[in-house]
Amino acid sequence: MSEPEANINVDVSRRDLMKAMGQGLAAGALAGGSLVTGQAANAQEAAAGSAGAASAAPDPMIVRTLPASGDTVPAIGLGTFLTFDRIPGAPRDELKEVVRTYWDGGARMIDTSPLYGTAEYSVGAFTSELGISQQVLLSNKIWSTGEFAGDESHALRSLEQSKGRLWREQIDIMHCHSLTNVDAIVPILRAWKKEGHIRYVGVTYHDNLYHDALASWIERGVVDFVQVNYSIFNRGAENRVLPAAADKSVGVLVNMPLEKARLHKIVDGHTLPDFAGEFGAENWSQFFLKWVISNPIITCALPSTSNPEHARENIGALRGPLPDQAMRQRMIRHMETIPGFADIGKMPWYPDKAYDGTIRRAQSQIRARAA
């Protein structure tokens, strides 16, 4: 997973940086110039051109260090909630192409869950077919209560089921999904880590109401990762979760970096601002994703899609310069001029999209029975 000769690691001194910047946006002034700002990128390009440097060389990938191990991982990965859920037997070739596109573009982390319908099956099948199942960094989840307090049997069945579906003997990151039964599950995960079933312990949530609870688990020093919602629209994680993660050297995975397609919905018909070119954003996906990963506290953002073309747009954010602190603020101010931005939280997830998988079918059947 580590490609030091071709990467830019912008994870320098995460704790010191966040402390120095307080609770503000932690995205500028990195030691040694590890974070490439738009102005710096332009200067480097001009210097390279005057020296006759080869213009065909690809930009290095943006990688982050996994605090628990020191290994590196590209800062963009693949999420699978809803988008990878299909009714058994339904066509899913486009999903395999999404996985291939992300992998070829440099992504190495895939996030899934037993609660995501048939997503685990697809991830396991495609990574095996592509010959990358043992190289992907798998982020997965446990949602278990057991039949009585302290009962591990349900969680163990979930673990073994995930191993079988994903064709892996060891899961890299196992999260307590949405803090479900967290007081019992985190100790179980820590035991599994010690026993070699998993490599890292994590906790997740996707709602600001639970940020304090997430931060409390980080502050206890018993988890290696936290997965939290964070985007150019919803910056609430900056208040407590991100500072706690920086202080405890906990990895941060981002769900909802594109707000479940709601960000794209409000910019439909709007052209990118001219200044997006200063940090190499060629489309709105890269605009939004580069804003997220330019915060050096973030380990990996996990945008989800079922569209190979959108996958190509997303993975493009993994290369080129990143916005600095001033640019990040300018990006926010620009978005605030776009009608609907302030009301994204009131919009349904994936507006104008319908993912016809097992989750949607089951929910529709329950609604019909309850009517």
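Since the model is a prediction, treat every value here as computed from it, not as a measurement.

A. Seen up close, the overall build of the protein. Each helix and strand counted, the protein has 13 helices and 10 strands in total. Of the contacts made within the protein by residues no fewer than 6 positions apart, 80% connect residues no fewer than 24 positions apart. Carbon and sulfur atoms make up 50% of the accessible area of the protein, which totals about 15700 Å².

B. Summary view of the environment of Val-228. Along the polypeptide, Val-228 turns up in strand β8 (residues 225-229). With relative accessibility at 0%, the residue Val-228 sits in the buried group. Distance from Val-228 to Leu-242, taken between C-alpha atoms, is 9.2 Å for residues 14 residues apart in sequence.

C. Representation of unusual backbone geometry in the model. In this structure, Ser-249 takes a positive phi of about 55 degrees despite not being glycine. Here Ser-249 shows up in the loop between α8 (241-248) and β9 (251-255). You will see that Met-256, though not glycine, has its phi angle at about 60 degrees, which is positive. Summarising the element assignment, Met-256 is placed in the loop between β9 and α9 (262-267).

D. Just helix α7 (residues 211-219), in detail. Buried within α7 are the following residues: His-211, Leu-214, Ala-215, Trp-217 and Ile-218. One side of α7 holds all its buried residues, which, seen down the axis, span an arc of 160 degrees. Where the residues of α7 are buried, they touch α6 (182-195), β7 (198-204), β8 and α8. The positive-phi residue at the C-terminal boundary of α7 is Gly-221, with phi of around 75 degrees.

E. Just the pairing of β8, in detail. Within β8, five of the five residues are buried, leaving the element largely enclosed by the surrounding structure. For β7 and β8, the ladder comprises three bridges, and the chain directions are parallel. Among the inter-strand pairings, Thr-204 is bridged to a residue of β8, identified as Gln-227. As a crossover connection, the stretch from β7 through α7 into β8 is right-handed. Of the pairings in the sheet, the one linking β8 to β9 comprises five bridges and is parallel in character. Within the sheet, the bridge partner assigned to Asn-229 lies in β9 and is Asn-255.

F. Local environment of the pattern of salt bridges. Overall, the coordinates contain 20 salt bridges when judged by the stated rule. Residues joined in a network through salt bridges with shared partners are Asp-71, Arg-168, Asp-172 and Arg-199.

G. Seen up close, the packing of helix α3 (residues 93-105) against helix α11 (residues 308-315). Direction vectors running N to C along α3 and α11 enclose 20 degrees, while the axes themselves pass 9 Å from each other. On the basis of the axis angle, α3 is roughly parallel to α11. Considering how the two elements wind past one another, α3 and α11 form a crossing that is right-handed. Two secondary-structure elements touch here, α3 through Glu-94, Glu-97, Val-98, Thr-101, Tyr-102 and Gly-105 and α11 through Pro-308, Ala-311, Arg-312, Asn-314 and Ile-315.

H. Up close: the packing of aromatic side chains. Taken as a whole and judged by the stated rule, the model has 12 aromatic pairs. Over the aromatic face of Trp-217 sits the side chain of Arg-220, whose NZ or CZ is 3.8 Å from the ring centroid.

What counts and how
- Residues numbered from 1 in each chain as written.
- Predicted model: local features only at pLDDT ≥ 70, side-chain atom pairs only at ≥ 80, totals over all residues.
- Heavy atoms only, no water.
- Helix = DSSP H or I, 4+ residues; strand = E, 2+ residues; numbered from the N terminus.
- Contact = heavy atoms within 4.5 Å.
- Areas by Shrake-Rupley, 256 points an atom, 1.4 Å probe, with all protein chains shown as cover.
- Buried < 20%, exposed > 50% of the residue type's maximum accessible area, 1.4 Å probe, protein only.
- Arc of directions from axis to C-beta.
- Pairing = 2+ DSSP bridges.
- Right-handed = clockwise from strand over helix to strand, strands pointing away.
- Salt bridge = Lys/Arg side-chain N within 4 Å of Asp/Glu carboxyl O.
- Axes fitted to C-alpha atoms, helices over the stretch in contact; angles between N-to-C directions.
- Parallel < 35°, antiparallel > 145°, perpendicular 65-115°, else oblique.
- Left-handed = near helix turned anticlockwise from the far one by under 90°.
- Phe/Tyr/Trp six-rings, centres within 6.5 Å; stacked < 30°, edge-to-face > 60°.
- Lys NZ or Arg CZ within 6 Å of the ring centre and 35° of its normal.

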